[in-house]
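Breakdown of the fold
The primary structure of each chain is shown beneath.
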Number of protein chains: 2
Amino acid sequence: MNDCLFQLISLSWLLTSLMESRKQQPTGAAFLLAQLGAHAADRFGERIKRLRLAPRHAGILRIIAKIPSCNQRTLAKRLGVLPSRMVILIDELVGKGLVERKRSTTDRRHSVLILTRRGRAMLEKLSKLAAEHEADLCAGLTAEERNTLAALGRKIVHQQGLTPDVHPGYRKL
Amino acid sequence: MNDCLFQLISLSWLLTSLMESRKQQPTGAAFLLAQLGAHAADRFGERIKRLRLAPRHAGILRIIAKIPSCNQRTLAKRLGVLPSRMVILIDELVGKGLVERKRSTTDRRHSVLILTRRGRAMLEKLSKLAAEHEADLCAGLTAEERNTLAALGRKIVHQQGLTPDVHPGYRKL
DNA sequence: TATTGTTATACTCTATAACTATA
DNA sequence: TATAGTTATAGAGTATAACAATA
C-alpha cells in the first residue's frame, strides 16, 4: 500500500473518531470523500491493468492528445510533475509504442510529443474503461441522485478554489 | 507530488475527457470524488504539519487509543501495512514520545502499544484539527446539503462493499 | 545568458526474505 | 513448528542539482 492511500485511511479513522468523541451527527462528509476518492483511484488502477498501463500513463496520453505540439516541459508543468520525472514517464510510453518524440524544426530544443496510432487506440480503450468505472462506482445511485452528488461535489470544488482543468491545489506538494 | 495523487489527477483528466468526447451531461461523479478525495487528503496533511506529524501517524495514534492492548501485528493487519514497515512507523512515534512499547507479561513475544500522556494530548489536538478540516472542506454547503452529500456517499460506500471500520478494499494493493 | 531535455544522485516509501526470541 | 518483532536489502517513486545542446 502506498503512502497516499494510507494517508487517506488515517484520515478516515481520525474523522470517524472525531464524530464519535464529539457525539455529533455522523455526517463525516470529509471522511467519505477521502474514502471514496481513494477507492475510486484504486479501482480505476485495477481496471486499466488489463491494458498493461499504469494510472499515471493515462492522464499523460489524454493531455498529449488534447494539446497540439505539446512538449515535455509544458506537460510536466500541467501535471505538476518534475521535468526529470517526465523524461522517465515519456520513456515508458515511447517504450510501449504509444507516443513518439519529434524534434521541433523551429526550435530544436523542443521535443514535440505525438500519439502513435497505437496511442490513439489505447486512449479509446481507456475512454471505454473510464465509462465503465463511472457506471460501476455510481451503480447504487439513481440518475437523479448521481446528479445531486455531482452538483454538491462541484459546489465544494468551486468553493475550495479547485479548477478541474488546472488542478493548482496539487502542485505544491 | 506522489504517485497516488498523480493517479487521481490522471483519472480526473480522463473522465473529463470522456464526458467531453461522448457529449454526455457533465455529471462526472467519479471524477469529482477522486479530485475531492485527493484534495481532502492533501489539505489534511498540510493542516497537521504544524503538529510536526505526518498523516500516516495520525491513524496509528487513533487505533492505538481505540484498541486496548494493541500489538504491532494487529495494527499492521488493520491498516494493511507490512509488519516490517510498522516497526519503522512505531519507532517514529516512540521517538516523538507519543507511544511506548511494553512487553506483554503473558506472552513475551508481543509488544503492547500504549499512548503516553503526550500521545493522548496529541490525539486531542488532531481531533480539533480534523474538526476544522471537516468544517473548511464543507464550508460551501448548508447543513442540509452536507447531510445529503454524506447520505449519497454512504450509499456508494455500502453498494461498493466498503466498510469504514475495516477498509478491506485498500488491502490488496 | 536562458531554456529543453537529460543524467546522476540521494532520499523516502514499499516489498521480500531472513533472523531472534519467545511459545 | 509457529508466531511477534526486527533487521537487511532491493526496488519503486520523488526531489535536487548539474550537464549538453540549442537559442
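Residues numbered from 1 in each chain as written. Chains lettered and ligands numbered in written order. Predicted model: local features only at pLDDT ≥ 70, side-chain atom pairs only at ≥ 80, totals over all residues. Heavy atoms only, no water.

**Looking at the overall build of chain A**
For chain A, the count of helices and strands is 7 helices and 3 strands. Secondary structure elements in chain A, listed N-terminal to C-terminal, are α-α-α-β-α-α-β-β-α-α. A buried classification covers 54% of the 173 residues belonging to chain A. Within chain A, contacts between residues separated by at least 24 positions form 50% of all contacts whose residues are at least 6 apart in sequence. In the form shown here, chain A has an accessible surface area of approximately 8200 Å², with 53% of it arising from carbon and sulfur atoms. (Helix = DSSP H or I, 4+ residues; strand = E, 2+ residues; numbered from the N terminus. Buried < 20%, exposed > 50% of the residue type's maximum accessible area, 1.4 Å probe, protein only. Contact = heavy atoms within 4.5 Å. Areas by Shrake-Rupley, 256 points an atom, 1.4 Å probe, with all protein chains shown as cover.)

**Some points on the confidence of the model for chain A**
Model confidence for chain A is summarised by a mean pLDDT of 81, while 78% of its residues fall at 70 or above. Note on residues 165-173 of chain A: pLDDT is under 50 here. Beyond four places in sequence and across chains, it has 29 contacts. (pLDDT = per-residue confidence, 0-100.)

**Brief notes about the nonpolar core**
Core analysis: the largest hydrophobic core is formed by 32 residues, its most contacted members being Leu149(A) and Leu149(B). Listing elements by their share of this core, those giving two or more residues are helix H2 (29-47) and helix H7 (143-159) of chain A together with helix H2 (29-47) and helix H7 (143-159) of chain B. Among residues more than four places away in sequence, those in contact with Leu149(A) are Leu141(A), Ala29(B), Leu149(B), Leu152(B) and Ile156(B). (Core = buried A, V, L, I, M, F, W, Y, C linked by side-chain atoms within 4.5 Å.)

**Concerning the sheet that holds strand S1 (residues 70-71) of chain B**
Residue and element names in this part refer to chain B. As summarised here, the arrangement of the 3 strands in space is S1-S3-S2, forming an open sheet in which the pairing is antiparallel. Only two strands of the sheet have a single partner each, and these edge strands are S1 and strand S2 (99-103). As defined by bridge partners, S1 adjoins strand S3 (residues 111-115) across 2 bridges and the pair is classed as antiparallel. Counterpart to Cys-70 in the pairing with S3 is Leu-113. (Pairing = 2+ DSSP bridges.)

**Quick look at helix H5 (residues 83-95) of chain B**
Residues and elements named next belong to chain B. The end-to-end C-alpha distance of H5 is 18 Å, a good match for the 18 Å that 13 residues give at a rise of 1.5 Å each. Residues Met-86, Leu-89, Ile-90 and Leu-93 constitute the buried set of H5. Down the axis of H5, the sector holding all buried residues measures 100 degrees, keeping them to one side. Away from its buried face, by an angle of more than 90 degrees, H5 presents the exposed residues Ser-84 and Gly-95. Positive backbone phi, at 75 degrees, marks Gly-97, one or two positions downstream of H5. (Expected span 1.5 Å × (residues − 1). Arc of directions from axis to C-beta.)

**Section: the pattern of salt bridges**
For the structure on display, the rule yields 16 salt bridges over all chains. Notably, a salt bridge pairs Glu132(B) with Arg47(B), separated by 3.2 Å at the nearest N-O pair. One end of the pair, Glu132(B), is in helix H6 (residues 117-137); the other, Arg47(B), is in helix H2, and 85 residues separate them in sequence. Overall, Arg47(B) belongs to the buried group, its relative accessible area being 9%. If you follow the salt bridges from partner to partner, you end up with Arg47(A), Glu132(A) and Asp136(A) in one network. (Salt bridge = Lys/Arg side-chain N within 4 Å of Asp/Glu carboxyl O.)

**Digging into the packing of H7(A) against H2(B)**
Running from N to C, H7(A) and H2(B) cross one another at 35 degrees; their axes reach a closest spacing of 9 Å. Between H7(A) and H2(B) lies a crossing of left-handed hand. For the pair H7(A) and H2(B), contact is made by Leu149(A), Ala150(A), Gly153(A), Arg154(A), Ile156(A) and Val157(A) and by Ala29(B), Leu32(B), Gln35(B) and Leu36(B), respectively. Looking at side-chain class alone, the contact of H7(A) with H2(B) contains 7 nonpolar, 2 polar and 1 charged residues. (Axes fitted to C-alpha atoms, helices over the stretch in contact; angles between N-to-C directions. Left-handed = near helix turned anticlockwise from the far one by under 90°. Nonpolar A, V, L, I, M, F, W, Y, C, P; charged D, E, K, R; others polar.)

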